[in-house]
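# Architecture at a glance
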Amino acid sequence: MGSESVVPKWASQPCIMGIDEAGRGPVLGPMVYGCLYCSRSYQNTLSSLSFADSKTLKEDKREELFEALKSNDSLAWAVDVIDPRDLSAKMLQKNKINLNEISHDSAMGLIHRVLKLGVLLTEVYIDTVGDPGKYEVKLSKVFPSIKFVVAKKADSLYPVVSGASIVAKVTRDRALRDWVLDESVENMHRNFGSGYPGDPQTKSWLEDHKHPIFGFPTLVRFSWGTCNTYFKGGAEVLWESDNDEDGGNNNSNGKRQLKLSNVGFTTSKRRSEEIESSGKGRCRFFQSRKLEQLTYFQK
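Residues numbered from 1 in each chain as written. Predicted model: local features only at pLDDT ≥ 70, side-chain atom pairs only at ≥ 80, totals over all residues. Heavy atoms only, no water.

Take helix α2 (residues 59-70) next. Between its first and last C-alpha atoms α2 spans 17 Å; for twelve residues at 1.5 Å apiece the expected length is 16 Å, and the two agree. The elements touched by buried residues of α2 are β2 (31-39), β3 (75-82) and α7 (159-177). (Helix = DSSP H or I, 4+ residues; strand = E, 2+ residues; numbered from the N terminus. Expected span 1.5 Å × (residues − 1). Contact = heavy atoms within 4.5 Å.)

Structure (structure tokens):
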């Protein structure tokens, strides 16, 4: 999503880019990374366009500025919308990817996309995630020809990042506003507030929409620690595995049961690795065929 369908006329000139995110903290909805880029010669004009940190602007002003930058031929933009299911899956998978890494990957993905268009990026300004110095070194290793400026509160220091902040925030707001709930549960409603864990309306929505077995609707980032408190009385999930390798039975049904806490979301990392390496926790279908999980596949 963005203005990438048309390569700007000024793309062959030295260009600058700003990158910022929206929705890093909420327990609901996507996280959005946005970028704004333009010719370096347009930098002074950019300072006069009233861009500011999107958090300091009212919604109608953000919308107005977003529409203005979209219609400005001297500006171009792009976004990466990361679905809450993807966020949770990456953070809970066997080889976990934390939120900082996800953020870094998204920002670098935007840079790759714009470079592939043929845009001559020479400077990129980014609102930091984690330590600014380490982040800057990481980016410079991947993109050695680009000068990076990574700073805290970059969205209030550099107009090009302020513009990116508006792009990201408006895109996230619209995504939440137009979100289609996949679930068709009775009494499901959209009054979920801001989506931040401390918002009373969000808390009420989470309480109303939890399920003791299936958890939350897909709008929710169930990897957030906030979610655990809602399932203290939830149903325990028992996974049946085949008999121990020595043929011993652990219960009257001849099956050993592995119990996972928090509605099947988490378990001991060490215990999971032991089960995986021994093969005891695998379905008999896979054991009998000596099938193992692949972590790398070569064509």
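Looking at the protein chain, pLDDT values average 83 and 79% of them are 70 or higher. Note that pLDDT drops below 50 for residues 242-249; the model gives that stretch 16 contacts with residues more than four away or on any other chain. Note that residues 251-268 has pLDDT below 50 and, in this model, 45 contacts with residues that lie over four places away or in other chains. (pLDDT = per-residue confidence, 0-100.)

A few words on the pairing of β3. Counting buried positions over the eight residues of β3 gives six, a clear majority of the element. By the bridge criterion, eight bridges tie β2 to β3 in an arrangement that is antiparallel. Along β3, the bridge assignment pairs Tyr37 with Ala76. (Buried < 20%, exposed > 50% of the residue type's maximum accessible area, 1.4 Å probe, protein only. Pairing = 2+ DSSP bridges.)

Now for the pattern of salt bridges. As a working rule, side chains carrying opposite charge can pair if their charged atoms are close by. One pass over the structure, following the stated rule, counts eleven salt bridges. With a shortest N-O distance of 3.4 Å, Glu64 and Lys61 are connected by a salt bridge. A residue pair is termed a helical-turn pair when its members lie 3 or 4 positions apart in one helix, as Glu64 and Lys61 do in helix α2 at three residues. The residue Arg177 makes a salt bridge to Glu63 at a minimum N-O spacing of 3.5 Å. Pair noted here: Arg177 is in helix α7 and Glu63 is in helix α2, with a separation of 114 residues, a long-range link. The class for Glu63 is buried, based on a relative accessible area of 18%. Ionic contacts of the salt-bridge type, sharing partners, join the residues Glu59, Glu63, Glu67, Lys70, Arg174 and Arg177 into one network. (Salt bridge = Lys/Arg side-chain N within 4 Å of Asp/Glu carboxyl O.)

This part covers the packing of aromatic side chains. Across all of its chains, the model carries five aromatic pairs by this definition. With a centroid separation of 5.9 Å and 90 degrees between ring planes, the pair formed by Phe192 and Trp205 is classed as edge-to-face. Here Phe192 is found in the loop between α7 and α8 (200-208), whereas its partner Trp205 is found in helix α8, with 13 residues between them in sequence. (Phe/Tyr/Trp six-rings, centres within 6.5 Å; stacked < 30°, edge-to-face > 60°.)

Before going further, it helps to examine the sheet that holds strand β5 (residues 147-151). Pairing in this open sheet of five strands is mixed, and the strands run β3-β2-β1-β4-β5 from one edge to the other. Edge positions in the open sheet fall to β3 and β5, since each of these has one partner strand only. When the angles between neighbouring strand axes are averaged without regard to direction, this sheet yields 15 degrees. Strand direction decides the pairing type here: strand β1 (residues 15-22) and β2, joined by eight bridges, are antiparallel. Residue pairing for β2: Glu21 is matched across the bridge by Tyr33. Against the sheet, helix α4 (residues 99-116) engages β1, β2, β3, β4 (121-127) and β5, with an angle of about 35 degrees to β2. (Axes fitted to C-alpha atoms, helices over the stretch in contact; angles between N-to-C directions.)

Once that is clear, we can look at the UniProt feature "binding site: a divalent metal cation" (unreviewed entry) in the protein chain. Following the UniProt record, the feature "binding site: a divalent metal cation" (unreviewed entry) maps to Asp20, Glu21 and Asp127 here. Their sequence span is 108 residues, while the largest C-alpha to C-alpha distance among them is just 8.1 Å; these annotated residues converge on one region. In this structure, Asp20 sits in strand β1. The contacts of Asp20, once residues within four sequence positions are left out, are Val32, Tyr33, Gly34, Asp127, Asp155, Val161, Ala164, Ser165 and Ala168. Its place among the elements puts Glu21 in strand β1. For Glu21, the contacting residues outside a window of four places in its chain are Val32, Tyr33 and Ala168. (UniProt positions renumbered as here; feature names shortened; annotations may be inferred.)

In this section: the environment of Leu49. As for its position among the elements, Leu49 is in the loop between α1 (43-46) and α2. In this structure Leu49 comes out as partly exposed when scored by relative accessible area, which is 24%. A sequence separation of 16 residues divides Leu49 from Leu65, and the C-alpha atoms of the two residues are 8.5 Å apart.

This paragraph deals with helix α5 (residues 132-142). Turning to α5, its buried residues are Pro132, Tyr135 and Leu139. Along the axis of α5, the buried residues cluster in a sector spanning 65 degrees; they form a single face. For α5, exposure combined with an orientation more than 90 degrees from the buried face picks out Lys134 and Lys141. At its buried positions, α5 is contacted by α4, β4 and β5. Between a side-chain oxygen at the N-terminus of α5 and the backbone nitrogen of Gly133 the separation is 3.1 Å; the capping residue is Asp131. (Arc of directions from axis to C-beta. Polar contact = N/O pair within 3.5 Å; in protein donor to acceptor, adjacent residues only side chain to side chain.)

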